[in-house]
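Residues per chain are reported as follows:
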Amino acid sequence: MESQLPPLQIVIPLVAAPICVLLRNRVVTLGFAIAVCWATFGVSVALLDRVLASGAIVYEMGGWAAPWGIEYRIDALNAFVLLFVSGIGAIVLTFAPRSMGDEIPASRQYLFCAVYLLCLTGLLGIAITGDLFNVFVFLEVSALSSYALIAMGGRRKALPAAFQYLVMGTIGATFILIGIGLMYMMTGTLNMEDMAARLPIDGGVRTTLVAVAFLTVGIALKMALFPLHGWLPNAYAYAPSVVTAFLAATATKVSVYILLRFMFSVFGIEFAFEDLALGRALLPLALLGIFVASIVAIFQTNIKRMLAYSSVAQIGYMVLGISFATATGLTAGIVHLFNHALIKGGLFMAMGCVMLRLRSVDIEDMAGLGRTMPWTMAAWVVGGLGLIGVPATAGFISKWYFIQAALEQGWIIVAVLVLMSSLLAVAYVWRVVETAYFREPSERAREASEAPLSMLIPTWALIGATVFFGLFTTRSAGVARQAAEALLGGLP
Amino acid sequence: MTGHTILRVVSKLLLPYVLLFALYVQFHGDYGPGGGFQAGVIFAAGFVLYGLIYGLAAVRRVAKPRAIEILIAAGVLLYAGTGIATMLMGGNFLDYGAFTPAHPEKGQHYGILVIELGVGMTVAAVMIAVYSTFAGRGRA
């Protein structure tokens, strides 16, 4: 059975989704879905172990050999992505039963579980496959289900937010499909490895250029790279807390993974970063995104919205790391995928606790909350320190690699800008800390009680992980370094 | 549409042939043009036609919302379940040859028929669900 691990990674959540629809009972479905998520996480742990021990794993779907059949190809990079996506998926769903009890009607919760599992299937599928068209299919599976998840937020504003995301997401997916189509036209293959061997083709440069342009813009839309981030703040602000925590920690990260995979494994570093100088296009966008989004975040009153803008800034950091196109830069980008997933997942879950008790995440209502919900707000403080990049948190590790990568290139200005941008993070994290600890409690905060343990434990599991991975980095930065080196050496 | 006698009679005459044609497309998808996706859409088109002429309530009497929901799920399960069965029989996921190791081409044939049936079920049920959701907006 061990050789069947790659398909199991996808098939377990995929099969569980329709079973949730058949089970229908709220309690049974939730328990079943949580168990399935943890099983999926177990598979990804086993996969990462095998990849680290013995190199890339290749699996032929239906027994058809590549490049004719669909191939699943798992190396250090996507095993790492699979690990944190399925891990976050499991922790967030464990957190979900109490949290969504208030936000999603009980009669629809079995559908929520089914759609959540489908979304997880899509995200894992994007990461695991070695086939370009398969990437698009899984992209649509995850995107369609995430529109539905966002629209489940009870408030009316969730519907236009989901619709805006649907329009932008569809444009992004269409661009990606056009790009894949053009590349298929040029090479006659959809297998990533096969295509990498056939690209670039002399005389067909213009088609390839157009393909790269469509793919870059499409992926940038999907990962909400500044200035294509317009859909993200509303979608994250009005979705149910559980959905925000899950999507913020996984969806955009998987899109960053697609960018990495296309640019480094398919097009190759010589073509994308030396001939096309993609790095010079991405670097200013990344820096602008970091500063603009962080400054906008400071002025938000809805804290979920504030975190959403902060996410746009953090995507900027990841792209910054990629734009260096060096081993250290890529390590920084990849390790920040992981660290930011933990930090943002934890922070959004803390906001889920606040939402449960206050029925609001407005900063005014959170005044004095440090006294009535000490554990929740403590989680916010630790997560916030990680976001800033204080030593002994995971955020520090990312920042350390970013600055090191910038200095390696001799770009002192970039290194200074990264440090300065941390001050902006201090500003928006501190606003909440000040309101919660140093102001007289608001009426809602005075009546609030601490969140239930079933929500606090998963929240602290993620927040604790940010501290753990700030101190012990072999399993995060170590794997990221391995993945970065593999990317720079082409497909393993 | 109580007054439109011609529409009512013609659609009633057409319906069995629409559904039969859907089944033809479904089960000839392995060698001829067709398959589960097309067949599912044609099958659902029969229900949509019925709904347009006789009203949504009539469709919901035949295709109960919960039954449609179960069909959507069952189709996916049939498809993925076939893949799991091939894995249990020692092949890769969806390697139908594993069903009949002595004659892999026969296994491929049966496998395609079964998964196409799953596709057809889900597509038809989703199309009916989409139609009845939009047609029933503001009424449900």
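Residues numbered from 1 in each chain as written. Chains lettered and ligands numbered in written order. Predicted model: local features only at pLDDT ≥ 70, side-chain atom pairs only at ≥ 80, totals over all residues.

**Some points on the overall build of chain B**
Here is step 1: The number of helices and strands found in chain B is 5 helices and 0 strands.
Here is step 2: Reading chain B from its N terminus to its C terminus gives the helix and strand order α-α-α-α-α.
Here is step 3: Over its C-alpha trace chain B gives a radius of gyration of 18 Å, far above what one expects of a compact globule, namely 14 Å for 140 residues.
Here is step 4: Among the 140 residues that make up chain B, the fraction classed as buried is 37%.
Here is step 5: The long-range fraction of contacts in chain B, counting pairs at least 24 apart against all pairs at least 6 apart in sequence, stands at 61%. (Helix = DSSP H or I, 4+ residues; strand = E, 2+ residues; numbered from the N terminus. Rg over C-alpha atoms; globule rule 2.2 N^0.38 Å. Buried ≥ 20, exposed ≤ 12 C-beta atoms within 10 Å, placed from the backbone. Contact = placed C-beta atoms within 7 Å.)

**A look at the environment of A:Tyr309**
Residue and element names in this part refer to chain A.
Here is step 1: If you trace the backbone, Tyr309 turns up in helix H13 (residues 303–324).
Here is step 2: Taking the C-alpha atoms as reference points, Tyr309 and Gly230, 79 residues apart in sequence, are found 9.9 Å from one another.
Here is step 3: Residues in contact with Tyr309, not counting those within four places in the same chain, are Pro233, Ala293, Val296, Ala297 and Gln300.

**Focus: the interface of chain A and chain B**
Here is step 1: With 12 residues of chain A in contact, the opposing surface of chain B contributes 16 residues.
Here is step 2: In terms of residues, the side of chain A that touches chain B owes the most to one element, helix H1 (residues 5–23) of chain A, which gives 7 residues.

**A look at the nonpolar core**
All names here are of chain A.
Here is step 1: Within the largest apolar cluster, 234 residues are counted, with the highest numbers of intra-cluster contacts made by Cys20, Ala33, Phe80, Tyr116, Leu117, Ala127 and Ile150.
Here is step 2: Looking at this core, the element that brings in the most residues is helix H10 (residues 241–267), giving 19 residues.
Here is step 3: Setting aside chain neighbours within four positions, we find Tyr116 in contact with Ala33, Leu93 and Leu149. (Core = buried A, V, L, I, M, F, W, Y, C linked by C-beta atoms within 7 Å.)

**Regarding the packing of helix H16 (residues 374–388) of chain A against helix H18 (residues 412–438) of chain A**
Residue and element names in this part refer to chain A.
Here is step 1: One way to put it is that H16 packs onto H18 with a least axis distance of 9 Å and a crossing angle of 170°. It follows that H16 is roughly antiparallel to H18 by the angle criterion. Contacts between H16 and H18 pair Met377, Trp380, Val381, Gly384, Leu387 and Ile388 from the former with Ser422, Ala425, Val426, Val429, Val432, Val433 and Ala436 from the latter.
Here is step 2: In terms of residue class, the contact of H16 with H18 is built from 11 nonpolar, 2 polar and no charged. (Axes fitted to C-alpha atoms, helices over the stretch in contact; angles between N-to-C directions. Parallel < 35°, antiparallel > 145°, perpendicular 65-115°, else oblique. Nonpolar A, V, L, I, M, F, W, Y, C, P; charged D, E, K, R; others polar.)

**A short note on unusual backbone geometry**
All names here are of chain A.
Here is step 1: A cis amide bond, omega 0°, links Phe226 with the succeeding residue Pro227.
Here is step 2: Tracing the backbone through its elements, the reader meets Pro227 in the loop between helix H8 (205–222) and helix H9 (232–238).
Here is step 3: Despite not being glycine, Arg24 shows a phi value in the positive range, around 65°.
Here is step 4: Examined against the element boundaries, Arg24 turns out to sit in the loop between H1 and helix H2 (26–54).

**Thoughts on the environment of B:Pro65**
Residue and element names in this part refer to chain B.
Here is step 1: With respect to the element layout, Pro65 can be found in helix H4 (residues 65–88).
Here is step 2: The exposure class of Pro65 is partly exposed, given the 14 C-beta atoms found within 10 Å.
Here is step 3: Remark: the alpha-carbon pair of Pro65 and Ala129, spanning 64 residues in sequence, is separated by 7.4 Å.

**Things to note about the packing of helix H12 (residues 278–298) of chain A against H13(A)**
Pairs of packed helices are described in terms of their axes, by the angle between the two and the distance that separates them.
Residues and elements named next belong to chain A.
Here is step 1: Close contact between H12 and H13 brings their axes to 8 Å; oriented N to C, the two are set at 160°. Comparing the axis directions of H12 and H13 gives the class roughly antiparallel. When you trace H12 past H13, the crossing you get is left-handed. (Left-handed = near helix turned anticlockwise from the far one by under 90°.)

**Section: the pairing of strand S2 (residues 71–74) of chain A**
All names here are of chain A.
Here is step 1: Alternating positions in S2 separate into two faces, Glu71 and Arg73 on one and Tyr72 and Ile74 on the other, with burial throughout.
Here is step 2: As paired elements, strand S1 (residues 57–60) and S2 share 4 bridges and run antiparallel to each other. Residue pairing for S2: Glu60 is matched across the bridge by Glu71. (Pairing = 2+ DSSP bridges.)

**Overview of the confidence of the model for chain B**
All names here are of chain B.
Here is step 1: Looking at chain B as a whole, its pLDDT mean stands at 89, while 96% of the residues score no less than 70.
Here is step 2: The element-level mean pLDDT for chain B is lowest in helix H3 (residues 56–62), coming to 90, with helix H2 (residues 36–54) highest at 93.
Here is step 3: Scored as a whole, the predicted complex attains pTM 0.93, and scored at its interfaces, ipTM 0.91. (pLDDT = per-residue confidence, 0-100.)

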